[in-house]
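Each chain, written out:
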Amino acid sequence: MKTTLLAAAAVAAMAIPGAAFAQSETAVDLSGFYVGVGVALSEADDGINDQIYFDPQRNGTYTPQLATASGANAFSPGFCQGYGTVSPANGCKNESAKREISVRAGYDGMVGSNIVAGLLGEYAFHGPTDAVTAFSTTPASYTIARKMDGVAAMRGRLGYSPNGMGGFFYVTGGVAYGKMKHAFSTNNTANTFTPVDADKWQLGGQVGGGVEIMHRSGVAVNLEYLYNRFRDNDYYVAVGQGSAPATNPFVLGGGTNMRMSTQNFDYHTFKVGLSYKY
């Protein structure tokens with residue numbers, strides 16, 4: 001899905017500007033305030049080496065292994081991206097791209113006849129999901145997932161308008177503040193599992209670029225790509241003994257904390273927008 005959208009956006013980005021920039025010899029004033037809406041697909045930047053890490057002493061030191069009473073690795077079956085079942089042989093179900101709706105408002109100003117500089121504020125509803133599953137020798141599976149539930153961003157735009165006509169290519173970047181939600185699931189019914197800081201706003205950033213074409217009526221069409229990064233270093237799952245024996249790997253040191261190995265939530269957004277400039 002992401003590849004299809006990217007290909008369509010690339011074709012449009014090459015075809016639309018050519019027609020718009022050649023429409024007339026009278027320059028279009030691209031400056032002014034604007035409001036707009038957008039629809040997008042967002043997809044997590046999955047890393048093939050993502051794992052679940054363990055802190056068996058609860059002292060802040062996380063490792064990709066958890067020792068049994070005999071010293072063996074309790075999670076030797078390994079990890080996989082997405083949502084898994086009991087056995088790694090069954091693989092994991094990958095996260096799909098998610099639809100996103102956004103609203104924005106901003107201002108653009110012309111610097112000379114070709115340069116466009118501006119500032120915008122945007123709020124995006126919903127976002128992608130990222131998950132990783134660990135498999136123990138019990139056997140059992142443990143899945144930690146995170147989801148971006150909403151993002152408020154402030155970005156700058158700097159663009160170039162060929163011949164000062166009807167539209168411009170631009171780069172964009174800025175700060176963002178996102179509400180990250182987490183979820184944990186397991187088929188281990190012996191231990192207890194307590195999520196900590198499951199829902200929390202996190203600071204991040206966005207960079208990208210796009211093309212915007214404006215009609216003389218003030219209506220503009222926008223194609224945009226954004227790379228998003230948010231810090232995710234607060235959430236973990238505290239594992240207790242429950243009905244498990246004292247030899248259980250999770251409680252050999254008194255209890256274990258679990259978290260995703262990747263403490264940055266990175267994802268891609270491919271967006272089509274419509275705005276009105278006045």
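Residues numbered from 1 in each chain as written. Predicted model: local features only at pLDDT ≥ 70, side-chain atom pairs only at ≥ 80, totals over all residues. Heavy atoms only, no water.

### What about the overall build of the chain?
Next, step 1: In terms of regular secondary structure, the chain is built from one helix and 16 strands.
Next, step 2: Looking at the chain as a whole, 45% of its 278 residues qualify as buried.
Next, step 3: Across the chain, every contact between residues at least 6 apart in sequence was considered, and the portion connecting residues at least 24 apart equals 75%.
Next, step 4: If you sum the accessible surface of the chain, you get close to 12800 Å²; carbon and sulfur atoms cover 60% of it. (Helix = DSSP H or I, 4+ residues; strand = E, 2+ residues; numbered from the N terminus. Buried < 20%, exposed > 50% of the residue type's maximum accessible area, 1.4 Å probe, protein only. Contact = heavy atoms within 4.5 Å. Areas by Shrake-Rupley, 256 points an atom, 1.4 Å probe, with all protein chains shown as cover.)

### A short note on the pattern of salt bridges
If charged atoms from side chains of opposite charge come close, those side chains can pair.
Next, step 1: Under the defined criterion, the tally for this structure stands at 17 salt bridges.
Next, step 2: A salt bridge links R155 to E122, with the shortest nitrogen-to-oxygen separation between them at 3.0 Å. You can see R155 sitting in strand β9 (residues 140-160) and its partner E122 sitting in strand β7 (residues 115-125), a full 33 residues away along the chain.
Next, step 3: For R155, a relative accessible area of 0% translates into the label buried.
Next, step 4: Each of E100, R104, E122, R155, E224 and K271 takes part in a single network of salt bridges with overlapping partners. (Salt bridge = Lys/Arg side-chain N within 4 Å of Asp/Glu carboxyl O.)

### Observations concerning the nonpolar core
Next, step 1: The biggest cluster of nonpolar side chains holds 19 residues, and the ones touching the most others in it are F75, Y142, F184, F250 and M258.
Next, step 2: Only β2 (52-55), β8 (129-136), β9, β14 (236-240) and β15 (256-260) provide two or more residues apiece to this core.
Next, step 3: A total of three residues in this core trace back to one element, the largest contributor, which is β9.
Next, step 4: Membership of the second largest hydrophobic core comes to nine residues, among which are V151, A176, M180 and F230. (Core = buried A, V, L, I, M, F, W, Y, C linked by side-chain atoms within 4.5 Å.)

### Remarks on the sheet that holds strand β11 (residues 192-196)
Next, step 1: Taken in spatial order, the four strands line up as β2-β15-β14-β11 in an open sheet, and their pairing is antiparallel. What marks the edges here is a single partner per strand, and that holds for β2 and β11. Adjacent strand axes in the sheet meet at a mean angle of 25 degrees, parallel and antiparallel pairs treated alike.
Next, step 2: The sheet contact formed by β14 and β15 spans three bridges and is antiparallel. Bridging across to β15, A238 finds its partner in N257. (Pairing = 2+ DSSP bridges. Axes fitted to C-alpha atoms, helices over the stretch in contact; angles between N-to-C directions.)

### Quick word on the confidence of the model for the chain
Next, step 1: Per-residue pLDDT for the chain averages 88, and the proportion of residues at 70 or more is 88%.
Next, step 2: Low pLDDT, under 50, characterises residues 1-25; the stretch is placed with 32 contacts to residues that sit more than four places away or in other chains. (pLDDT = per-residue confidence, 0-100.)

### Description of the pairing of strand β1 (residues 32-44)
Next, step 1: Direction of pairing for β1 relative to strand β6 (residues 98-111): antiparallel, over a ladder of 11 bridges. Bridge assignment links A40 to a residue of β6, and that residue is E100.
Next, step 2: Here 11 bridges tie β1 to strand β16 (residues 264-277), and the two strands are oriented antiparallel to one another. Among the inter-strand pairings, G38 is bridged to a residue of β16, identified as G273.

### Notes on the packing of aromatic side chains
Both the distance between ring centres and the angle between the ring planes are used here to describe each pair of aromatic rings.
Next, step 1: In total, this model carries 15 aromatic pairs according to the counting rule given.
Next, step 2: When the ring of Y142 is compared with that of F193, the centres are 6.1 Å apart and the planes differ by 55 degrees; the resulting orientation is tilted. Taken as a pair, Y142 in strand β9 and F193 in strand β11 lie far apart in primary sequence, 51 residues in all. Both residues of the pair, Y142 and F193, count as buried.
Next, step 3: One aromatic cluster is present, built from ring pairs that chain together F54, F75, Y142, F184, F193 and F250.
Next, step 4: In this structure, R157 is placed above the aromatic ring of Y170, and the distance from its NZ or CZ to the ring centre is 4.8 Å. (Phe/Tyr/Trp six-rings, centres within 6.5 Å; stacked < 30°, edge-to-face > 60°. Lys NZ or Arg CZ within 6 Å of the ring centre and 35° of its normal.)

### Quick word on the state of the cysteines
Next, step 1: Applying the stated criterion across every chain, the model contains one disulfide.
Next, step 2: For C80, the disulfide goes to C92, at an S-S distance of 1.6 Å. Residue C80 is located in strand β3 (residues 78-81), and its partner C92 is located in strand β5 (residues 92-93); the two are separated by 12 residues in the primary sequence.
Next, step 3: Residue C80 is classed as buried on the basis of its relative accessible area of 16%. (Disulfide = S-S within 2.5 Å.)

### Considering the environment of F250
Next, step 1: Position of F250 relative to the elements: it lies in the loop between β14 and β15.
Next, step 2: Note: C-alpha distance between F250 and D55 (195 residues apart in sequence) is 9.3 Å.
Next, step 3: Each residue touching F250, except ones within four places of it in the same chain, is listed here: F54, L66, F75, Y142, N188, N191, V239, G255, T256 and M258.

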